[in-house]
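This is what each chain is made of:
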Amino acid sequence: MPSSKRFVKDRLDTYYNEVSSIILSRQNHATGLIPASVAVTTHGDYRDAWIRKTHELEHATIKCMRGILFAYMRQAHKVELFKNSQSTDHALHAKFNTGTGDTVVGDREWGHLQIDATSLFLLTLAQMTAAGTLVIYTMDEVHFIQNLVFYIERAYRTPDYGIWERGNKMNHGTPELNSSSIGMVVAALQAINGVNLFGARGGPSSVIHVLPDEITRNYTTLHSALPRESHSKEVDAAVLSVISFPAFAVSDSKLITRTRNEIVKKLGGRHGFKRFLRDGHQTLLEDTSRLHYDPHELKIFEGIECEWPLFYTYMILDGLFREDGRQVQDYRDLLEPLLVDSSTVSKYKHEDYSHGHSKGGSAYGNRASASGRCSSVVRRPHFRPPSGTKLVPELYIVPKEKIGEEKANRGSVKRIPNENIPLVWAQSLYILGCLIQDDLLSTAELDPLGRRLLPFRPKQGNEIVVQIVLLSESAELQAKLATFGLETQTLDTCAPITISPPSALRDAYLSLGENAKLGLSGRPKRPIGTLSTSKLYRCQGRMYAFLPHFMDKEEFYLVSDNNYLVSVLEQELAFVKNHWWYPGRPTMCVMLTREMLGGLKSSKDPSETQRWRYNHRDSKRNLLNFMMSLRSGMCGGVRVRVGRLSEMINTSCIESLDFLVNSETVGETEDWHSVLKGEWHQPEIRKLQTELPSTTDAPTPTYDKPPRGRSLRRKAAARGGLGVLSGSSETLESASDGRRSSYTFDINDMANLKSAVKKASSQSLNENQHVGSTNQSPLAKIAGSGSIGSSSSKIENPQNGAPHEVLTLTLNDPTHIDAATELLEASTNIYDQIDLLHYLFSCCGLDYRVGHLGTIKSLLEEVYVKAMQLKEWSIVRQVAGLLKKMVNSLTINVADLLIRGKPVAVGFGSNEFFITNPLSPEALSELIYRHCASDVREAPLVQEVLTYLGSIIRSTPAMFDGIQRVRTYFFIIAMREEISRLKGCDEEEAVEYMMQLSPYETKMLLNTVLSARDQTNTSADASLGLSTSYRWRNIQVQNNEADAKNVLKMSTSGVALPSNLIISVQSGGFSAGNFAKIELSRDSNSTPLPAIFGRGLNVAVIDPLDGAIIESASFDTHISTEESYEFTKMIEWVDPGSIVIVVAKDDCTENLTPAARIACESLGSAKIRDVGYRDSWCLIGEKGAEPGSMPEVHRSAQHGPTAVITRAIDLVSRRKRVLASFPANSQMKMLSSGAAANMMMPSNGRWLRRRKNDGALNRVPPEFYPKVWKVLSKCHGIVIGREFLPRDPTISEKTPEELNFALQVESYLDVIRDPAERQIAVECLMVVSRIADRNPEIQINAGPLDLMKIIRDAVSQFWLRWVGDQSAAAVAAFVSSLESKAQTLSPRPGPENRDSTPDLSFEKNERFARRLFFDLAQEGKDGTMAYLAKSSVRISFDVSWLGESAEKPLLI
């Protein structure tokens, strides 16, 4: 290309003339606003200033930018309202009168909420400021720009009308979450963060601040949504502006390529790109007399959508920025024939348009509507563009007479341009491309911030080091932790750096952007995320560090579970590592409190009956070990550095808060230190009695008390109704909404108890009080199944048969308020207290004062704290429900699900409510407590489930593959079924077990349910339900029931059991390497062991039947005899026959008690008494083995580590021995029929378990919904029972990959009540689709496709074959056992006159046949798909012309 000055000047003159005549001539001389076009058509009035068309020469652009700014600032009141409401009524207007900057239509007459337009303005402002072009002149303008940041920063949860001003493609004015909008927000927030709007001469007050967590939420939302645009639009060409110029918002180069290819593939054409599929805008079949489309109407636009040359200009610019010359040339060749010569455009022959007033029309969503308003443009003579100027039309239309031809052969018809020539938006981009291609403009000049380089920047993940500062709540705790080798700091020793709660940083940001003149209040009171608290802050010469939000005292009860806190810490560390893009290292402060670690000693009360359970040691040792493991420098793949805060300042990321000094509130808050240091939570004085010590003379009843103060079966009826948590869906539907519950109390011992209370001084909660203490109050004895009892009745005292007077308190019945108050004042049992408070609350409300104790609300808060310390999670959830507590981060977690295309549902049946758009915390709380009110504990549990699911989808989104909607009821049902399967208990007991699980156990249970699909062909350890602390054993079970439990577990495990187990261990004392090593291998697959290894004895308990890790723990027997005591209790807890691995590290003998040595000998150790100080020793033992019979090795400290010892265990032979003893064990007879049935299952229950879980979660295979769409298009509809999914208008309204179609099909499949059967229906549809695709020569029969008929036929065929393959005796015994069980459950009156030969017909045994069929594998000649395929061909396909061998030639 010639480079002479003459050539350059000529080309610049040419482009200047084009820009001047086409664009600048239309700019209003007063406001600087530019109309989108000069056309007034039946489809819209383009003469107003629309915000997105502003890519101009420098000086004209400054004037235009300030014109937009003035128009926006006149609506400052809307910005203030929208920050808190996110309501479309409060949105900034999207177009203005060009001459005055006034709004031109009403708030509800246009899709004004276009977050992408506001974001584009901010992005352009940032780019111009970075280039040295200043647009902002005053502090008022700075404050307004800061509030625009607040306006857009929640785009990830704010549905808008999008770039086309129409929202949902049905054009009903329904906003959606749009990727194009969120992408522009990401670009704007990233670009403007830290920009000083006054340039080099500005100060701290003129800097724009964006909190990193808000950027990250939008960023992750965008990357998870692409290439999809919204729920109704599977792809949109507007996303080109997000993945390339001007936003460059996507950093994943593979995602950019995938999105671009999807757009080209689905929307590309000969005359440009379609905006989106089935876009009726300006097609000649569109009815312009109405503002919306009918449901069936979208189908008629398919194939004739208008094509926009605009997107060719985007592709040219994309190629120029990526230096892809071939793409540039290809699209340049496509675009050139579409350009229109200016001399042929009629409006340029005689007149042009300038700014004034005339009558005109307006449009809504690009659709015509008459408004009669005054236009801002009038006609007057003007110079037309230079002759030969190439103009870019808005779009190309299929001529009416050619519509049929185009539909029949797409791309064959020559289209014509509409009258809007040029589209200034497209013309600007075209000129930019020409300037770059002619080397007159560089890409760096268009992108001074360098955003185009984002996809090519190296990933920082592995280079990020997270700095961790461990803090102790008090000097006393600091000293105690030091004895365990954990160095911490107190708040005082961190000076001069101030440690503050996260709420202090939130409060400080409230003044950011505050401006009284504009009526702007600053940043809304929103939580501060982890990325923000991982920075250090400087203000007025002081330094501040803030605790992460999940450790705030205001948080929900979840963080009171140490195991859950550990998991959150690990997640947050990974989150910070993956999303840290700031200078310096992230610094996280972790506060350790007395509640977390203050009770490392455990009770030695010999009277306790609760057997040892590691998870109920308050998890304090777990947390301590985790904190100590951070010193290794790695945590879950994240590089960490633990140290003192003063040592980390130089490498930390430090943010300035000096903008506070010049804020408008400085007069009110002259010293910001008082705000930034925050207020620490102070514990309230306790008013309720606590458990009496065993040494008092409190009466102790001799009748049996349940272990934790209350029967395990705390029926849901005693919580306010039957509810979704306690029964099947059939029970729920028949339940009465008005059913009340009752609590029954024994009042005979009241006088004795009150006397005992007077003798014993009221004491605060002892931190060492054991959860399972038997010193229970004799008051509590729950009534039957929640039936309403009389006010008093008699019960027998098991000791002497004397009657006891009882008091029945019925919820909402105020008859016995005084008696309940008296009971509450005397009660010391936490279960009594919550039941009494629940009754008083139901009658009097939260503000009622209970005698001298205080209000019900304050007493509930006291019980809440006490229950969290006691780890009584059922009570915690009950109180949380009564107080309507809310997880602070719930809105974020729900938004994380929604933005990844997972709508959320709460409630069940007719009370189920679907959440499709993110809600405010207040709205979400009200919604959950209204729709989850059948059980007072349900709403807190639902919040837990949503919180866990949000964290899981952030860390492992693949676990949600195939799940279209998150329906909390079905997740809870799946969790209940998993517990029922593992425990062998009924549904009601399973619910109570679930309520008593800690938050961490609940999260792991949910994780197990989600991962069940991946465990079908894996070993047992893949199922957390059979390992670690999630086996939920009955700790009170009698020894003679253990074998029965094992048989039941093996018969219902639902996972493939391994054949062999190989254990390898090695020990190294302090001078011999200081390590403990345990390796497990099952069927040649390595099994990871939790990171438990610490000083002392490291123990792992292995199940002898499946090789699963039952429990793992570390005991520092060097530091404390308390640890020896705990070790002894654990060994006592272990079942006989269990494999126990014990490995010493550092030293284990300093405080190893004789009882602990005896415990080791009970595992088969013969050398434990020879182990000395810092010796190396390890054992692969077995509970109950003779000393010396187990692999064991000991080596003195000076002789180095032990040799590696190995033990191979044949798990199959062990299981066979247990099963061989099964019939003779009287305790197993109760389980015989169920166990026999399960052991005859085709896959040992594995596939049945998977189908139950996948059906409960509504999980489907890949490409399922598009395949259903194709099947539906080939038949009249699909029938399931009485429900019918019609072909029309379903397929005419929705596209195959449209999310709304998937949701409709999922709702349709919900009519199938059995989750396993639902999955079989899914498989059936996949089979029908496969047959139709592979055999196009056959057709589906006329009429609807009856799924249930196909499934029943397939099950019957399987049953006939199964009966034929089994021995007659085995089948007879199997059926007889099942019938015997059925007779036991529902005996029939009268004598038995049955034939000795059982009836094996399918009709008689359909229920059992279905159970067997549901446990078949999918694939294979004997899989479900094979049977379904044969039945489908026989029932639903027209294969009569194939003759008798109809099934043979078909490809299945």
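Trainee: Looking at this model, I keep getting lost on the pairing of strand 35 (residues 1176–1182). Mind explaining?
Mentor: For a regular strand, side-chain orientation follows a simple rule: the groups alternate between the two sheet faces. Of all seven residues that make up strand 35, seven are buried, and the element is covered over most of its length. Direction of pairing for strand 34 (residues 1139–1146) relative to strand 35: antiparallel, over a ladder of five bridges. From the neighbouring strand, Ile-1139 faces strand 35, where its bridge partner is Glu-1182. Inspection of the sheet shows strand 35 paired to strand 36 (residues 1192–1195) by four bridges, in the antiparallel sense. Its bridge partner lying in strand 36, Trp-1177 is registered against His-1194.

Trainee: I would appreciate a short explanation of helix 30 (residues 890–899) in the present structure.
Mentor: Side chains that are three or four residues apart share a direction in an α-helix, a result of its 3.6 residues per turn. The buried count for helix 30 comes to ten of ten residues, which makes it a mostly enclosed element. Looking only at helix 30, the buried set comprises Leu-890, Thr-891, Ile-892, Asn-893, Val-894, Ala-895, Asp-896, Leu-897, Leu-898 and Ile-899. Immediately beyond the C-terminal end of helix 30, within one or two residues, lies Gly-901, with a positive phi of roughly 75 degrees.

Trainee: Explain the sheet that holds strand 13 (residues 465–472) here, please?
Mentor: The strands making up a sheet associate through hydrogen bonds between their backbones, and the pairing can be parallel or antiparallel. Taking strand neighbours across the sheet as the criterion, the four strands line up as 17-13-19-18 in an open arrangement whose pairing is mixed. The sheet is open, and its two edges are formed by strand 17 (587–592) and strand 18 (634–635), each paired on a single side. Strand direction decides the pairing type here: strand 13 and strand 17, joined by six bridges, are parallel. Within the sheet, the bridge partner assigned to Gln-467 lies in strand 17 and is Thr-587. Helix 19 (residues 562–578) rests against strand 13, strand 17, strand 18 and strand 19 (638–642) of the sheet, and its axis sits at about 170 degrees to strand 17.

Trainee: Is there a simple way to think about unusual backbone geometry in this case?
Mentor: Peptide bonds are trans in most cases, and residues, glycine excluded, mostly fall at negative phi. The omega torsion of the bond from Ala-495 to Pro-496 falls at 10 degrees, within 30 degrees of zero and hence cis. Note on placement: Pro-496 falls in the loop between helix 16 (475–483) and strand 14 (498–500). In the segment running from Asp-1288 into Pro-1289, the intervening peptide bond is cis, with an omega of 10 degrees. By secondary structure assignment, the location of Pro-1289 is in the loop between strand 39 (1283–1286) and helix 43 (1290–1293). One non-glycine residue with positive phi stands out, namely Gln-86, at about 50 degrees. Mapped onto the fold, Gln-86 is located in the loop between helix 3 (76–85) and strand 4 (95–96). With a phi angle near 60 degrees, Asp-439 is a residue other than glycine that sits in the positive phi range.

Trainee: Whenever I open this one, the pairing of strand 17 confuses me. Can you help?
Mentor: The element strand 17 is extensively covered by neighbouring structure, given that six of its six residues are classed as buried. Residues of strand 17 alternate between two faces, with Thr-587, Cys-589 and Met-591 on one and Met-588, Val-590 and Leu-592 on the opposite face, all of them buried.

Trainee: Would you take a moment to explain the packing of helix 26 (residues 817–826) against helix 27 (residues 830–844) for this structure?
Mentor: Two measures define how a pair of helices packs: the angle their axes make with one another and the distance between the axes. Packing of helix 26 against helix 27 leaves a shortest axis separation of 10 Å and a crossing angle of 150 degrees. Classified by the angle their axes make, helix 26 and helix 27 are roughly antiparallel. Where helix 26 crosses over helix 27, the handedness of that crossing is left-handed. Residues Ile-817, Ala-820, Thr-821, Leu-823 and Leu-824 of helix 26 pack against Gln-833, Leu-836, Leu-837, Tyr-839, Leu-840, Cys-843 and Cys-844 of helix 27.

Trainee: Mind showing me how you'd approach the pattern of salt bridges here?
Mentor: Oppositely charged side chains can form a pair if their charged atoms are brought close together. Following the criterion strictly, the structure yields 59 salt bridges and no others. Across the pair Asp-447 and Arg-452 runs a salt bridge, and its minimum N-O distance is 3.0 Å. Both residues of the pair, Asp-447 and Arg-452, belong to the buried class. A salt bridge links Arg-965 to Glu-1306, with the nearest nitrogen and oxygen atoms 2.4 Å apart. One end of the pair, Arg-965, is in the loop between helix 32 (938–955) and strand 28 (966–967); the other, Glu-1306, is in helix 44 (residues 1299–1309), and 341 residues separate them in sequence. The buried category is assigned to Arg-965, whose relative accessible area is 5%. Through salt bridges that share partners, Glu-234, Glu-262, Lys-266 and Glu-1297 make up one connected network.

Trainee: Teacher, can you tell me more about the sheet that holds strand 26 (residues 904–906) here?
Mentor: Strand order in this open sheet of three strands is 27-26-28, and the pairing throughout is mixed. Unpaired on one side and paired on the other, strand 27 (913–915) and strand 28 mark the two borders of the sheet. Bridge count for strand 26 against strand 28 is two bridges, and the pairing is parallel. Its bridge partner being in strand 28, Val-904 is matched across the sheet by Val-966. Those strands touched by helix 31 (residues 921–931) are strand 26 and strand 27, and its axis lies near 155 degrees from that of strand 27.

About the criteria used
Residues numbered from 1 in each chain as written. Predicted model: local features only at pLDDT ≥ 70, side-chain atom pairs only at ≥ 80, totals over all residues. Heavy atoms only, no water. Buried < 20%, exposed > 50% of the residue type's maximum accessible area, 1.4 Å probe, protein only. Helix = DSSP H or I, 4+ residues; strand = E, 2+ residues; numbered from the N terminus. Pairing = 2+ DSSP bridges. Contact = heavy atoms within 4.5 Å. Axes fitted to C-alpha atoms, helices over the stretch in contact; angles between N-to-C directions. Parallel < 35°, antiparallel > 145°, perpendicular 65-115°, else oblique. Left-handed = near helix turned anticlockwise from the far one by under 90°. Salt bridge = Lys/Arg side-chain N within 4 Å of Asp/Glu carboxyl O.

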